[in-house]
2 protein chains.
Amino acid sequence: MSETIEAQERVTAPRPYHHGDLARVLAEAAAALVRETGVNGFSLRECARRAGVAHSAPGHHYGDVTGLLTEVAARGFLDLARALASACSGTSGAPVLARLARRYVDFALTDPIIFGLMFHSDRVNRGSPRFQRAGEEAFAQLVRAVAEARGQPTADADALRFAWASMHGMAMLLIDGPLVPAGGNRRGGAADLATGTIERMVFAVTRFDGQRKSRSG
Amino acid sequence: MSETIEAQERVTAPRPYHHGDLARVLAEAAAALVRETGVNGFSLRECARRAGVAHSAPGHHYGDVTGLLTEVAARGFLDLARALASACSGTSGAPVLARLARRYVDFALTDPIIFGLMFHSDRVNRGSPRFQRAGEEAFAQLVRAVAEARGQPTADADALRFAWASMHGMAMLLIDGPLVPAGGNRRGGAADLATGTIERMVFAVTRFDGQRKSRSG
DNA sequence: CTTTTATTGTGACGACGTCAAGATTGTTGA
DNA sequence: TCAACAATCTTGACGTCGTCACAATAAAAG
């Protein structure tokens with residue numbers, strides 16, 4: 001989705017320095033490289049090689065490897081926020097939450113390594129303002145969906161945590177393998193395994209109301 | 001818990017090679033090092049240094065860094081299985097599942113880095129038989145708890161996935177930070193945040209029965 | 001006691017991240 | 001137009017890393 005935009009920017013943008021914007025090229029090369037080799041196999045030098053620049057060029061733009069991977073993770077959260085927003089638009093009530101959860105799991109299964117980088121890699125700086133802002137943007141979509149599902153103006157904190165935990169846990173377990181039966185590609189069969197979990201999640205979010213031990217009432 | 005056992009083994013075991021059992025010492029040093037520096041900061045050479053052996057000694061026992069970290073992860077699953085089993089013993093019915101989930105989250109918050117290594121590190125070989133056996137041992141505890149909570153001899157697959165996803169997602173989100181409010185140690189305040197999620201999880205596992213769209217019946 | 005095997009150490013290799021210093025290009029102000 | 005400056009990129013070096021071939025050592029077997 002970036003080719004045409006890039007061509008436009010090549011003309012309109014002031015082209016601030018030598019290479020065209022190396023920072024963006026490096027970030028995109030880094031994302032591609034991470035997808036290929038895993039977070040662990042990622043290397044700054046290989047990334048520079050693919051961008052056609054010297055091995056130390058990434059350092060000038062991002063400081064160190066953590067800085068670059070933090071940028072990649074932040075972009076991942078922006079993508080996730082967009083995906084969740086588009087999944088919810090044009091719907092209301094409980095189905096909003098179900099559709100958001102489905103999209104959340106789909107995103108994770110489509111880009112599992114980036115997803116892992118976003119949430120649990122010790123190679124990203126979670127204190128980075130840009131990273132946090134991107135995360136909050138995605139989080140806001142979740143808050144809206146939970147409030148909508150419960151028919152309330154604001155999301156209950158416990159319900160919110162539960163909803164997020166359920167879809168996030170499902171995504172994690174499907175990515176990391178322990179739940180997916182052998183043989184069967186990830187995108188197809190695995191995503192179906194999430195259906196029952198999503199149903200139960202929506203069920204509990206909409207029906208559970210803190211009734212402690214009073215099941216006969 | 002290993003000092004006295006070690007003393008015993010020093011006598012009873014045939015002491016198969018030079019160092020006493022270097023393999024075990026290396027695995028323990030590796031676990032400690034991972035806890036200190038994170039999975040990413042781990043280094044075979046530093047591990048060997050702490051065990052007081054040559055830099056290539058770990059390679060002779062575990063092949064490469066993945067082999068050693070796989071052993072650490074497998075040990076983590078054995079620990080988890082033990083913890084879950086002890087949490088469930090002496091109880092029955094739905095509370096079993098609640099207690100198991102609580103223990104699951106506690107385990108994750110107590111040893112977050114090892115927990116992360118166990119589930120999603122590209123530095124462990126998930127095809128390793130030892131690793132898989134250890135994982136299945138922990139999984140078996142979960143299966144038992146879900147069956148017990150539903151009063152059935154065998155666990156429903158959908159309910160099982162949902163239960164695991166909920167507790168696992170909660171653990172992940174608490175470890176990785178996005179859910180825990182600033183300032184407040186992990187073990188105390190964070191674990192309390194799981195309570196509502198666990199309640200809802202048990203609620204859905206025991207009450208949801210595939211009633212599709214028939215809310216008025 | 002000698003031979004064989006299992007366990008550990010030495011040394012080397014290329015790849016990595018990071019830093020300092022120099023080279024190159026764009027910008028700015030007269 | 002041109003010189004001074006700042007931003008951008010390259011070169012080269014340093015220490016650390018994982019891994020491998022090979023040597024050394026100790027246990028086991030005969």
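Each value, and the rule that gives it
- Residue positions are counted from 1 within each chain, in the order its sequence is given.
- Lettering for chains starts from A, numbering for ligands starts from 1, and both go in the order in which the items are written.
- Since the coordinates come from a predicted model, pLDDT governs what is reported: local features require at least 70, and pairs of side-chain atoms require 80 or more to be given and counted, while whole-chain, interface and lining totals use all residues.
- In computing side-chain values, all of the structure's heavy atoms are included and hydrogens and water are not.
- Elements are defined by DSSP. Helices are runs of H or I of four residues or more, strands are runs of E of two residues or more, and each kind is numbered from the N terminus.
- Partly exposed describes any residue whose relative accessible area lies between the buried limit of under 20% and the exposed limit of over 50%, with all areas from a 1.4 Å probe on protein chains only and scaled to the type maximum.
- Accessible surface area values rest on a Shrake-Rupley calculation with a 1.4 Å probe, where residue burial reflects the displayed protein chains alone.
- Two residues form a contact once any of their heavy atoms are found within 4.5 Å.
- Buried area: the accessible area, evaluated with a 1.4 Å probe, that two parts lose upon being put together, summed over both parts.
- One speaks of a salt bridge when a side-chain nitrogen belonging to Lys or Arg is within 4 Å of a carboxyl oxygen belonging to Asp or Glu.
- When residues are grouped by polarity, Ala, Val, Leu, Ile, Met, Phe, Trp, Tyr, Cys and Pro land in nonpolar, Asp, Glu, Lys and Arg in charged, and all others, Gly among them, in polar.
- Centres within 6.5 Å are what make two rings of Phe, Tyr or Trp a pair, Trp counting through its six-membered ring; a difference in plane orientation under 30 degrees is then read as stacked, over 60 as edge-to-face, and the rest as tilted.
- Least-squares superposition aligns the copies on the C-alpha atoms of those residues with pLDDT at or above 70 in both.
- pLDDT expresses how confident the predictor is about each individual residue, on a scale running from 0 to 100.
- To form a nonpolar core, buried Ala, Val, Leu, Ile, Met, Phe, Trp, Tyr and Cys residues must be joined to one another through side-chain atoms within 4.5 Å.
- Fitted lines through C-alpha atoms give the axes, limited to the stretch in contact for helices. The angle between two N-to-C directions lies from 0 to 180 degrees.
- With the far helix as reference, a near helix turned anticlockwise by less than a right angle produces a left-handed crossing, and one turned clockwise produces a right-handed crossing.

Trainee: Which residues make up the overall build of chain A, and what values go with them?
Mentor: Counting secondary structure elements, chain A contains 10 helices and 0 strands. Reading the helices (α) and strands (β) of chain A from amino to carboxyl end gives α-α-α-α-α-α-α-α-α-α. Taken over 217 residues, chain A has a buried fraction of 47%. By element, 52% of the accessible surface of chain A is carried by carbon and sulfur atoms, the whole surface being about 10,400 Å².

Trainee: I'd like a description of the interface of chain A and chain B, backed by residues and values.
Mentor: In this assembly, 37 residues from chain A lie in contact with 37 residues from chain B. A combined buried area of about 3,600 Å² lies between chain A and chain B, and 63% of that area is made up of carbon and sulfur atoms. The three residues of chain A that bury the most area against chain B are Arg161, Arg200 and Phe208 of chain A, which together make up 20% of that side's buried surface. Remark: the boundary between chain A and chain B carries 2 salt bridges. Arg200 of chain A is the partner of Asp156 of chain B in a salt bridge, and the nearest nitrogen-oxygen pair spans 3.5 Å. Elements with a contribution of two residues or more to the side of chain A that touches chain B: helix H2 (22-41), helix H9 (157-176) and helix H10 (186-207) of chain A. When residues in the side of chain A that touches chain B are grouped by element, the largest group, 13 residues, is from H9 of chain A. Residues belonging to the side of chain A that touches chain B are distributed by class as follows: 16 nonpolar, 9 polar and 12 charged.

Trainee: Which residues make up the packing of aromatic side chains, and what values go with them?
Mentor: Using the criterion set out here, one finds 17 aromatic pairs over all chains in the structure. When the centroid spacing of 6.1 Å and the interplanar angle of 75° are considered together, the rings of Phe162 of chain A and Phe162 of chain B count as edge-to-face. Residue Phe162 of chain A is located in helix H9, and its partner Phe162 of chain B is located in helix H9 (residues 157-176); the two belong to separate chains. Like Phe162 of chain A, the residue Phe162 of chain B is buried in the burial classification.

Trainee: Go over the pattern of salt bridges with me, naming the residues and quoting the values.
Mentor: In this structure the tally under the stated criterion is 22 salt bridges over all chains. Arg161 of chain A is the partner of Asp158 of chain A in a salt bridge, and the nearest nitrogen-oxygen pair spans 2.9 Å. On the criterion of helical spacing, the pair formed by Asp158 of chain A and Arg161 of chain A is a turn pair, its members being 3 residues apart in helix H9. A salt bridge links Arg24 of chain B to Glu28 of chain B, with the nearest nitrogen and oxygen atoms 3.4 Å apart. Highlighted residues: Arg24 of chain B and Glu28 of chain B, both in helix H2 (residues 22-41), separated by 4 residues, approximately one helical turn. Taking relative accessible area as the criterion, Glu28 of chain B reaches 34% and is therefore assigned partly exposed.

Trainee: Explain the relation of the copies chain A and chain B to me, using residue names and the numbers behind them.
Mentor: Take chain A, turn it by 180°, move it 0.0 Å along the axis, and it overlays chain B with an RMSD of 0.0 Å. With respect to symmetry, the two chain copies, as superposed, fit the operation of a two-fold axis. Residue Gly169 of chain A of chain A places its C-alpha closer to the rotation axis than any other residue of that unit, at 1.7 Å. When you check the interface residues of chain A against chain B, 100% turn up at the interface there too, and the contact is symmetric in its surfaces.

Trainee: Could you give me a rundown of helix H7 (residues 112-119) of chain A, with the residues and numbers involved?
Mentor: With 6 of 8 residues buried, H7 of chain A is to be regarded as a mostly interior element. If you follow the buried residues of H7 of chain A, they end up packed against H2, helix H5 (65-88), helix H6 (94-110), helix H8 (129-150) and H9 of chain A together with H9 of chain B.

Trainee: Give me the confidence of the model for chain A: which residues, what numbers.
Mentor: Residue and element names in this part refer to chain A. In the predicted model, chain A carries a mean pLDDT of 87, and 84% of its residues have values of at least 70. Per-residue pLDDT, averaged within each element of chain A, yields its smallest value for helix H1 (residues 3-12) (34) and its largest for H7 (98). Note on residues 1-17: pLDDT is under 50 here. Beyond four places in sequence and across chains, it has 6 contacts. pLDDT under 50 marks residues 213-217. Its contacts with residues more than four places away, or in other chains, come to 1 contact.

Trainee: Describe in detail the environment of Asp64 of chain A, supporting the description with residues and values.
Mentor: Positionally, Asp64 of chain A belongs in the loop between helix H4 (57-62) and H5. Measuring from C-alpha to C-alpha, the distance between Asp64 of chain A and Leu44 of chain A comes to 8.4 Å, with 20 residues separating the pair along the chain.

Trainee: Outline the environment of Val25 of chain A, listing residues and values.
Mentor: Locating Val25 of chain A in the fold gives a position in helix H2. Separated by 23 residues in sequence, Val25 of chain A and Ala48 of chain A place their C-alpha atoms 9.7 Å apart.

Trainee: Requested: an account of the nonpolar core, with residues and values cited.
Mentor: Of all hydrophobic cores here, the largest spans 149 residues; its most connected members are Met167 and Met201 of chain A together with Met167 and Met201 of chain B. Residues in contact with Met167 of chain B, not counting those within four places in the same chain, are Leu97, Leu100, Ala101, Tyr104, Val105, Leu142 and Met201 of chain B.

Trainee: Please set out the side chain of His120 of chain A residue by residue, giving values where relevant.
Mentor: With respect to the helices and strands, His120 of chain A occurs in the loop between H7 and H8. Once you skip the residues sitting within four places of it in the chain, His120 of chain A turns out to touch Arg126 and Met172 of chain A together with His120 and Asp176 of chain B.

Trainee: Mind laying out the packing of helix H6 (residues 94-110) of chain B against helix H11 (residues 194-207) of chain B, listing which residues take part and the relevant values?
Mentor: Residue and element names in this part refer to chain B. Their axes nearest at 10 Å, the elements H6 and H11 cross at an angle of 145°. Regarding H6 and H11, the two cross each other, and that crossing is right-handed. Here Ala94, Leu97, Ala98, Ala101, Arg102 and Val105 of H6 come into contact with H11, specifically with Ala194, Thr195, Ile198, Met201, Val202, Val205 and Thr206. Within the contact of H6 with H11, the residues separate by chemical class into 10 nonpolar, 2 polar and 1 charged.

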